[in-house]
Each structure stands twice: as structure tokens, then as C-alpha cells.
Number of protein chains: 2
Amino acid sequence: MKSPRTKLRRLPKRGAHDRETIDAILDEAMVCHLGFVHDGKPAVIPTLHARVGDEVLIHGSAASRAQRALATGIDVCLTATLIDGLVLARSAFHHSVNYRSVVLYGTARPLTETEELEKALEAFTEKLVPGRWADVRWPSRKELKGTSALALPIVEGSAKVRTGPPIDDDEDHALDTWAGVVPMRVETLEPEPDPLLREGIAPPQYVSSLVS
Amino acid sequence: MKSPRTKLRRLPKRGAHDRETIDAILDEAMVCHLGFVHDGKPAVIPTLHARVGDEVLIHGSAASRAQRALATGIDVCLTATLIDGLVLARSAFHHSVNYRSVVLYGTARPLTETEELEKALEAFTEKLVPGRWADVRWPSRKELKGTSALALPIVEGSAKVRTGPPIDDDEDHALDTWAGVVPMRVETLEPEPDPLLREGIAPPQYVSSLVS
């Protein structure tokens, strides 16, 4: 996993290169941010992703502006970030957030085979709501032709994680200022049925069990 | 605000260029993703930001790897994304998420004056928790020397917003599949005091009022 780009010269104590850490963050993050170079300039687009084994599948519409570069694969940087809390130190300088992030580098190849595109749609659907695929209408041939997806191998990358209380300078511990962590998480609320939903169709267990 | 890069060729109905929409998303997002080109390749780093008027201030450590390019300003793409819900359609193809995102392009200049760096730290601190700045130890001259921050003018960019129920094909409305939206939001939990906090210091009102 390591490479010169992922040496984490800043704050190496927060770095991790093990696949277990990296996979857990990729799997929990609902969207990622995909970076690529377009006409020599940086572009960063939020998009859905789903890890399948040693690859991250990326919903390809994000890279549609870079279509020309796509035929042979495109250099990307994929970043996924989870925010776990606000870190309130006694000094302004040591304020921070608790977070978990993954940065992957590599060349993403476009999926072209009908079968891989269908597998990708299955992965995106199951990523949004595990159990959903078995319940939905599967994609038609025409829909698959209209689907674009990339695959990025998990080869070069790293995770960064900050946890725990603020780290203040010793002399600041005497201050009267409250210090600590304000935890944050993603809350899932009661499902809202489509106004066009036929009567008598209740949310399935795999949906209602999402509620926090 | 408009430019060839921000024409939103895909899904233009979801696009917005008005400053009110853009500012609200920038202000609500706790972190952004900063993209830049490094040795010809894309890099995307999550980082704290704070909008101040017509600029977004960016915690500069994110761009430390691109230090050399920084002296004269660096081309960046700053993207901030909020996830509002899972959109469950009857067909796999029409699954989506409700989201609000902003993409800004431009050249970020490094802040160099002590006074601007202090103002930036104030903005970052107040962004994390409004009201915090008045309570903390302000930065020393040495800390300000160790602070790096960029300023990106809000000139070229756009917002994209998806809201509302799934959009299914007409013929799929007859299916037995539940369809709708599962709303999501960021939940703030009870503050956890620093284990080193002196006894008898309660969380201030501006902290305890953050709890969802």
C-alpha cells in the first residue's frame, strides 16, 4: 500500500496503511470525492462508490467531463471522509475534528461489459441499503448502456484517523475553559414513502431497521 | 459565477449559481475536499474551511505537499457536500441520494500576514462552534507562525441540489416494491469532557445547545 505519495509526512502517528482500516472507512462512507485533472486543472466531484473486494467501483457520471481521458483509464484520487466529532481545546490553535479518512491514488478503468456494469449497479444499490437489490426492478439493457462506472484498484493509498480528547499545551490545563469532544454521527430518520407509492406497501425490514 | 467549467452539462435542472445557495452549503458543511494537481496527478484532501464574506478560508496543512506551488497561489477545486437522504426507487437504475454540493474553482492564495492568520484561526474556531472564540486562549505569535491557511475567492463555481422523492419510470409505479426517501442528517451527541478537565467546569451554553 505504501508509496512515496502516501508517506504521510505530516502527522504520521495518525496514518494507517492496513486494509482493514481502509476498507471499513470506504464501506461506511456514503459518498466519496473523486479528483482528476481536466485541462490541466483539478476537479473534485462527489459521487457514490462501493468497494467490492480489492476494487472501489465509482459511479462514473462524476468523471463524464473527463470522458476523453477515460478510454484508456484516468488518473484519480479518491477520498472518503467520516466526521466523528468536534474537538474543543482550551487554545484556539489546538481545535480540531475527530475524523477517519481514506485517500486512494491510481488509474480508474471504465467498466464496459454489460455484466460488469450490472454487477456495479448491484453494488451501488446494496451499498445504499443492504438487502435492496433483491427487491427492485433490475436494470434493462438500455439502462445498462446508459450506466457509466469506473473501477479503481485498492493498491496505493492510506487512512488517517484522529480520535480522542483535545491535546492542549500543559500550561493551558489550568485555564477555566471547558474542553472536550462533541461527538457527531449520521442519523437516519423515519422513511418517507414516495407520494406515488401504491397503498398498502409498508417499508421492508431492511429499510425500517436503518432508523437510528 | 458562471464559466465554461461550471456549465453543468449533466442534469442542469439540479444546478444553481446563486450565492445564497452556495453560501448556505459552504456554511453548513463541516469539512470540504480540496483538490489540487501535484506532480501532474490529482490529490484530494479533506480539510476545515470557513467562509468569510466572498472568500473561503482553507486550513492550509491540506496543501502542504504542494508547498512549492503555493508561493504564487495554487489552482484548486474546493468541493463541499451534504447528504440529506437515501432515495430508494422501484428500479435499481433510479436509486440516488438527496444531497447539496458546491464546487468552487480558482486560485487560492496563501495568507502570510500575522493578522490575517489570526482572523483565519478565529473563523475556523467559530465555524466549528459559534461562540467559541471568546472563550479560548488566543494564538501566540509562535502558533500563528505555525499556522498555514489559504483564501479562495468565491468567483467561479456552482451548487447542485437533489431533493424529493424518487423519479421512477411510469410503468414501474405498478410494482409492489416500496419506494421513498430515508432522510439522513448529522446528529450531535452529548459533549464528552476532556479527562484532564479541571473539576467544576460545565460545558458552556454554546456547546450544550449543539446537542440534537
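About the thresholds
Residues numbered from 1 in each chain as written. Chains lettered and ligands numbered in written order. Predicted model: local features only at pLDDT ≥ 70, side-chain atom pairs only at ≥ 80, totals over all residues. Helix = DSSP H or I, 4+ residues; strand = E, 2+ residues; numbered from the N terminus. Contact = placed C-beta atoms within 7 Å. Pairing = 2+ DSSP bridges. Least-squares fit on C-alpha atoms with pLDDT ≥ 70 in both. Buried ≥ 20, exposed ≤ 12 C-beta atoms within 10 Å, placed from the backbone. Core = buried A, V, L, I, M, F, W, Y, C linked by C-beta atoms within 7 Å. Arc of directions from axis to C-beta. pLDDT = per-residue confidence, 0-100.

## Things to note about the environment of Ala 159 of chain A
So, step 1. Within the fold, Ala 159 of chain A resides in strand 8 (residues 156-162).
So, step 2. Discounting residues that sit within four places of it in the chain, Ala 159 of chain A has contacts with Ala 16, Thr 21, Ile 22, Ile 25, Arg 100, Ser 101 and Val 102 of chain A.

## Describing the interface of chain A and chain B
So, step 1. Counting residues at the interface gives 79 residues for chain A, matched by 79 residues for chain B.
So, step 2. Residue contributions to the side of chain A that touches chain B peak at nine residues, all from strand 9 (residues 180-188) of chain A.
So, step 3. For strand 10 (residues 192-193) of chain A and strand 9 (residues 180-188) of chain B, the ladder comprises two bridges, and the chain directions are antiparallel. In the sheet register, Pro 193 of chain A faces strand 9 of chain B, and the bridge partner there is Gly 180 of chain B.

## Thoughts on the relation of the copies chain A and chain B
So, step 1. Take chain A, turn it by 180°, move it 0.0 Å along the axis, and it overlays chain B with an RMSD of 0.0 Å. Such values leave the two copies arranged in the relation of a two-fold axis. It is Val 186 of chain A whose C-alpha, among those of chain A, lies nearest the rotation axis, at 2.3 Å.
So, step 2. Most of the interface of chain A is mirrored in chain B, where 100% of its interface residues are also at the interface.

## Some details on unusual backbone geometry
Residue and element names in this part refer to chain A.
So, step 1. Backbone geometry places Asp 39, a non-glycine residue, at a positive phi of 55°.
So, step 2. Tracing the sequence through the fold places Asp 39 in the loop between strand 2 (31-38) and strand 3 (41-52).
So, step 3. For Asp 39, a count of 9 C-beta atoms within 10 Å gives the class exposed.

## Here's the deal with the nonpolar core
So, step 1. In terms of nonpolar packing, the biggest core is built from 108 residues, with Ile 58, Leu 78 and Leu 152 of chain A together with Ile 58, Leu 78 and Leu 152 of chain B touching the most fellow members.
So, step 2. Setting aside its immediate chain neighbours within four residues, Leu 78 of chain A contacts Cys 32, Leu 34, Val 56, Ile 58, Leu 104 and Leu 152 of chain A.

## Points about helix 1 (residues 19-28) of chain A
Helical geometry note: an α-helix holds 3.6 residues per turn, so side chains three or four residues apart project in the same direction.
All names here are of chain A.
So, step 1. Taken together, the buried positions of helix 1 are Ile 22, Ile 25 and Leu 26. End-on, the buried residues of helix 1 take up no more than an arc of 100°, which puts them together on one face. Exposed side chains of helix 1 directed beyond 90 degrees from the buried face belong to Glu 20, Asp 27 and Glu 28.
So, step 2. Summarising the contacts, the buried residues of helix 1 are in contact with strand 3, strand 4 (55-59), strand 5 (74-88), strand 6 (96-110) and strand 8.

## Here's the deal with the confidence of the model for chain A
Residues and elements named next belong to chain A.
So, step 1. The pLDDT averaged across chain A works out to 90; a share of 88% of its residues lies at or above 70.
So, step 2. The low-confidence segment residues 8-12, where pLDDT is below 50, has four contacts with residues more than four positions distant or belonging to other chains.
So, step 3. Overall fold confidence (pTM) sits at 0.92, and the ipTM for the predicted complex is 0.91.

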